[in-house]
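# Residue-level structural notes
Residue-level listing of the chains:
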Amino acid sequence: MGKVIGIDLGTTNSVVAYIDRGEPKVIINEEGGRVTPSVVGFSKSGERFVGDTAKRQMLINPDATIHSVKRFMGKRFVDAGNDLPLVNYPVVASRNGDCAFAVNDRLLTPQEVSAMILQKLKKSAEDFLGEPVTEAIITVPAHFNDRQRQATKDAGTIAGLHVLRIINEPTAAALAYLHDRKKSATIAVYDFGGGTFDISIVRIDRDVGEVRATRGNNALGGGDIDKLIVDWLIEQFRQEHRIDVSQDNVVRQRLRDAAERAKIELSSAKETDIHLPFLMADASGPRHLQCVLTRATFEALAAPLIDGTVRECRQALLDANLTVGEIDEIVLVGGSSRIPRVKEAMREFFGRPLNQSLNPDEVVAIGAAVQAGVLEGEVKAVTLLDVTSLSLGIEVEGRKMAKLIPKNTPIPAQKMQLVSTVVDNQKTVKIHVLQGESVSAVENTSLGEFELQGIEPAPRSVPRIEIKFAIDASGLVQVSARDVRTGSVQQLTIQAPSGMSSRDVERARDDASTWERGAEAASEVRELRHQIERQLGQMEALLRDQRTRLQRADVQEAEHALTRGRLALTKNDDRAKLEEVHGWLRRMLTGLGEKVNAGR
Ligand code: AMP
C-alpha cells in the first residue's frame, strides 16, 4: 500500500501532509510552497492553472478564475445567496438546481473544480514522495452537511483518490494537538478560516480525544470580512467621486484584493494605506482610490462577525454541558484567527491565554495526516471520537421534522424507525430525509426523498418496514430499509438525487484522468521544445565563436541544423518528431564539438 495523505481542502488555501516515520510532515508543492491557493484559472485556449499561477491571474481574468469553491460544494443555487457577492465569476443553477460555474462556454460543478485542486495536491505529493498516491483523508468544516461531505468525497474520486475518511477540521486540529501533547485536558478548538467557522469542545484523556460538542457556520469566514471592507471602500469612493463602482466586476476584484491585503496588514499595523490608482475612468479622466483604514475602523466593521463567533462558543459550551472555567486550553486554527481582535475576543471570553504553538495554517492537514497514520498503523495509541454536528431526521405530518439522530451524537451512529402504510394496499411509502435543527421541515437541508417500493398488498398499518438511518465515521448518511415480516431488504430509490450521480462522477473521473495524461504529454512536449531551444542556442554560439575552426562542410551542416531545428519548433508539437530532432541535434553538437577540440 502506498502512502495515505491527509488533505486540508481549504476555502482559500489547501495543505497536504503525510506521516514520515511516525511524525506528520507537510508536503512542499511544485512551486516550493507549503500551502497551495485553492484557486483554479482557465485561459481562453483551454489551459488550466491551479494554485499560485491561478491566483496571479485572478486580477486580470476574474470571470474565469474560480476561488472559494468550497462555499458552493453540495449547495443548491437557491441557498447560495450569501456566497454570490463574495465572488466575481458566474455562478449559475445547474439542471438539478445545484450551484455550477459557467466558464468559457463550459459548465463545471464545484466537485469538478475541487477535483482540479485535489489533482494538483495529489501530484505534488507524488513528486515529493516519489511514488503513486491513491488514498487520502480529506477534512471538511464540522458543520458540513451530508450533501457537502458527499460532494467532497466525489471530488476526491474525480481526482483519482480513494477517500478513506472525511474528518472534521476542528477534530483534525484536536488530533494534531493530541499527537503532540498526549496530556489530559479539555480544549476548545476555534477554527476561523477563509469561508467557514467552527468551534469544537474536545475532552482529551491522555491518548483518547472525545468531541463533546461542535457548532459552526458554513457561510462565515475571512471572505465575509473582506466583503465588508469592499463595501466600505465602495462607499469611500462614492463619497469622494460621486460614482458607484459596485457593479464593475474588474473593479470589485481589485477592491477585494486590496481589502484582503489591508486586513492582513492590520493584523500587525495600526493603520494601512489603500491606494488603487486608475480604479476607473470617466469623461473627466482617471479616478483613483486613496484612503486610510485604521484598525479601529476595521474592528468596528468586523465586530458583528466576530461577536457571532463568540456567541457560537458560548452555545457550544452549553451543548457540551461545561462552563468557561472548565476549558484548559484554546487552540486557534485558520487564517482569520490571526486577527488581533479575534484573539482578544477569545482571551476575554475564555479568560485565559491562548495556545498559539500550533501553526493555524497547517494544523488541520497535520491532524489529517495523523488520522492517515492511524489507519496505516504507523501512528499508534491515538483515538478521537467525533460527533455529528447536525441532527438527522425525517419529515412528518404538518411539514415538521422529527429528529432521529440529534446533533452531538457520537458517530458512527444509527437509528431504526418502523414505518407502515396509511391506506389499504398501499404499494409505496415516501420518506423525506432532512438534516438541520429547525422544527420546520423546509428550513432544514433536504438530503433526498427515498421511496420504498414493492410493498405487498395488505390492509393499512399492517406492513412493518424498518428503516435504518446511519451516520458513518465520515459523517455520511446512509438509509436502508427492511421488511420486518419477510426480512427482505426493500428497494429504496432517491427521488431528489443530491449532487452528482455515480455515473456523472465516473464520467468526470475519466475526463480528469484523460486531462491529466494530456497535461503530462503537453508538459513533456514543452520540456522537449525547451531543450531544442537550448540546443539551437548552443549551435548559434558554436557558429559564432568557432566558425574558423570548422570545415566549410561542417558550417553548412550546422546552418542546416539550425534551420531544421527552428522549423521543427514553429511547425509541430508532435512529440515523436521533436524527439527525433532533439536526438539529431544532440549528436550533431557532440560531433561538431569533437571536431573543434581536435582542431585546437
Ligand atoms: P484558511 O482558510 O485557514 O487558509 O484562512 C484563510 C483566511 O485567513 C483568508 O480569508 C485570509 O485573508 C485570512 N488571513 C490569513 N492571514 C491573515 C492575517 N495575518 N490576518 C488576518 N486574516 C488573515
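Residues numbered from 1 in each chain as written. Predicted model: local features only at pLDDT ≥ 70, side-chain atom pairs only at ≥ 80, totals over all residues. Heavy atoms only, no water.

As a further point, take the pattern of salt bridges. Pairs may arise between side chains of opposite charge once their charged atoms sit close together. Here the structure, examined in full by the defined rule, presents 41 salt bridges. With a shortest N-O distance of 2.7 Å, glutamate 362 and arginine 34 are connected by a salt bridge. Remark: arginine 34 occurs in the loop between β3 (23-26) and β4 (36-37) and glutamate 362 occurs in the loop between α8 (340-350) and α9 (363-376); sequence separation between them is 328 residues. A residue is classified by how much of its surface remains accessible, and glutamate 362, at 11% relative accessible area, is buried. Put simply, Glu30, Glu31, Lys120, Lys123 and Asp127 are held in one network by salt bridges that share partners. (Salt bridge = Lys/Arg side-chain N within 4 Å of Asp/Glu carboxyl O. Helix = DSSP H or I, 4+ residues; strand = E, 2+ residues; numbered from the N terminus. Buried < 20%, exposed > 50% of the residue type's maximum accessible area, 1.4 Å probe, protein only.)

Read from one edge of the open sheet, 5 strands run β18-β13-β14-β15-β19, paired in mixed fashion. Unpaired on one side and paired on the other, β18 (329-333) and β19 (383-385) mark the two borders of the sheet. Recorded for the sheet is a direction-independent mean angle of 25° between the axes of neighbouring strands. In this fold helix α7 (residues 295-320) packs onto β13 (185-192), β14 (197-205) and β15 (208-217), with an angle of close to 135° to the strand it touches most, β15. The strands that α8 touches are β13 and β18; relative to β13, the one it contacts most, it runs at about 150°. (Pairing = 2+ DSSP bridges. Axes fitted to C-alpha atoms, helices over the stretch in contact; angles between N-to-C directions. Contact = heavy atoms within 4.5 Å.)

Of all 7 residues making up strand β25 (residues 465-471), 5 are buried, and the element is well covered by its neighbours. Bridging between strand β22 (residues 413-419) and β25 involves 7 bridges; their strand directions are antiparallel. Opposite methionine 416, over in β25, you have lysine 468 as the bridge partner. Pairing geometry for β25 and strand β26 (residues 477-483), over 7 bridges, is antiparallel. Counted as the bridge partner of lysine 468 is serine 480 from β26. Connecting β25 to the next strand, β26, in antiparallel fashion are 5 residues, including glycine 475 with a positive phi near 80°.

What follows is about the sheet that holds strand β5 (residues 40-42). The strand order across the open sheet built from 3 strands is β6-β5-β7, with neighbouring strands paired in antiparallel fashion. Sheet topology places β6 (48-50) and β7 (65-66) at the edges, where each strand pairs with a single neighbour. Here β5 runs beside β7; their pairing, made up of 2 bridges, is antiparallel. Residue pairing for β7: valine 40 is matched across the bridge by isoleucine 66. Sheet contacts for helix α2 (residues 110-129): β5, β6 and β7; angle to β6, the most-contacted strand, approximately 65°.

With that out of the way, let us pick up the site of the ligand. Around the ligand sit 15 residues, and of these Gly194, Glu260, Lys263, Ser267 and Gly335 come closest. Measuring from an oxygen atom of the ligand, one finds a backbone N or O atom of serine 336 at 3.3 Å. If the ligand stood free it would expose 500 Å²; the protein chains cover 86% of that surface. Of all the secondary structure elements, the ones that give two or more residues to the shell around the ligand are α5 (222-241) and α6 (249-265). If one sorts the elements of the shell around the ligand by residue count, α6 sits on top with 3 residues. Residues that form the shell around the ligand fall into these classes: 2 nonpolar, 10 polar and 3 charged. (Near = heavy atom within 4 Å. Polar contact = N/O pair within 3.5 Å; in protein donor to acceptor, adjacent residues only side chain to side chain. Areas by Shrake-Rupley, 256 points an atom, 1.4 Å probe, with all protein chains shown as cover. Nonpolar A, V, L, I, M, F, W, Y, C, P; charged D, E, K, R; others polar.)

The first and last C-alpha atoms of α6 sit 24 Å apart over 17 residues, in line with the 24 Å expected at 1.5 Å per residue. Tucked into the core, α6 has its buried residues touching α5, β16 (271-282), β17 (285-294) and α7. Measuring from the backbone nitrogen of valine 250 back to the side-chain oxygen at the start of α6 gives 3.0 Å, which picks out aspartate 248 as the cap. (Expected span 1.5 Å × (residues − 1).)

What follows is about the packing of aromatic side chains. Per the stated rule, a full pass over the model turns up 7 aromatic pairs. Summarising the aromatic geometry, the rings of phenylalanine 72 and phenylalanine 101 are spaced 5.7 Å apart at their centres and angled 85° between planes, so their arrangement reads as edge-to-face. Pair noted here: phenylalanine 72 is in the loop between β7 and β8 (91-93) and phenylalanine 101 is in strand β9 (residues 99-103), with a separation of 29 residues, a long-range link. Phenylalanine 101 shares its class with phenylalanine 72; the two are buried. For the pair tyrosine 190 and phenylalanine 192, a centre-to-centre distance of 6.2 Å together with 85° between the ring planes defines the contact as edge-to-face. Each member of the pair, tyrosine 190 together with phenylalanine 192, is buried. Among the aromatic side chains, those forming a connected cluster through ring pairs are Phe72, Tyr89 and Phe101. (Phe/Tyr/Trp six-rings, centres within 6.5 Å; stacked < 30°, edge-to-face > 60°.)

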